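As a plain string of letters, each chain reads:
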Amino acid sequence: MEKASIVKYSTVDGFRRGNGVLTRLLVGRKNAESTNFTSGTTVFPAGSSAPMHSHNCCEQVTILEGQAECVVDGTSTILGAYDTTFIPAEMPHRFVNIGDGDLTILWIYGARDVTRTFTETGETVAHLGGGDQV
């Protein structure tokens, strides 16, 4: 029988994605053997963003801190703390930090094996793999 996991945020190593963007995996296949989702946080410094991309699964994003411009399938919406999005699989999207401080998001993917496909190049990379950069 699999054991429950408790994740202390202060002990989670960050994955540096370029331009000061830092992602932390909270729950995923590396620490929860039977999970069917993947979750974590990403912190974007002022003025930074992720490039337009899509995933092989659905994604929920909740703004924890800061202000974002969310572009989903060509529509732009301004979001603040606790505003939440649901983005279906394969739908292009991005989040841009439009505030003066950090933008922190909580993301939850509806899969244990997640990929990111960059809209501009069509390149697909493993989530939190070497090519998963901003």
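Anything mentioned here points back to the structure above.
Here the structure is a predicted model, which means the values were calculated and not measured. Per chain, residue numbering runs from 1 following the sequence as it is written. Predicted model: local features are reported for residues with pLDDT of at least 70 only, side-chain atom pairs are reported and counted for 80 or more only, and whole-chain, interface and lining totals are derived from all residues. Note that water and hydrogens are dropped before the side-chain values are worked out from all heavy atoms of the structure.

## Re the pattern of salt bridges
For side chains bearing opposite charge, pairing can occur when the charged atoms are close. Short version of the rule: Salt bridges are defined by distance alone: a side-chain nitrogen of Lys or Arg within 4 Å of a carboxyl oxygen of Asp or Glu. A run of H or I in DSSP counts as a helix once it spans at least four residues, and a run of E counts as a strand once it spans at least two, with each numbered from the N terminus. The buried label applies to any residue whose accessible area, calculated with a 1.4 Å probe on protein chains only, is under 20% of its type's maximum; exposed applies above 50%, and partly exposed to all values in between.
What the rule picks out here adds up to three salt bridges. Among the salt bridges present, the one from arginine 17 reaches aspartate 132, with a minimum N-O distance of 3.1 Å. Taken as a pair, arginine 17 in the loop between β1 (15-16) and β2 (22-27) and aspartate 132 in the segment after β12 (124-126) lie far apart in primary sequence, 115 residues in all. As far as the burial class goes, arginine 17 and aspartate 132 line up, both buried.

## What about the side chain of threonine 41?
Worth spelling out the cut-off: Any pair of residues with heavy atoms lying within 4.5 Å of one another is described as a contacting pair.
Within the secondary structure, threonine 41 is located in strand β3 (residues 38-44). By relative accessible area, which is 5% here, threonine 41 ends up buried. In this view, threonine 41 contacts Tyr9, Leu22, Thr23, Arg24, Leu26, Leu64, Ile105, Leu106 and Trp107; residues no more than four positions away in its chain are not counted.

## Some details on the sheet that holds strand β10 (residues 103-109)
Note the cut-off: Here the rule is simple: two strands pair whenever DSSP picks up at least two bridges between them.
Reading across from one edge, β1-β2-β3-β10-β5-β8 is the order of the six strands in this open sheet, with antiparallel pairing throughout. In the strand order of this sheet, the two ends are held by β1 and β8 (84-87), each with one partner. Where β3 and β10 come together, seven bridges link them in antiparallel fashion. Residue pairing for β10: threonine 38 is matched across the bridge by tyrosine 109.

None of the figures reported here should be taken as evidence of function without further support.
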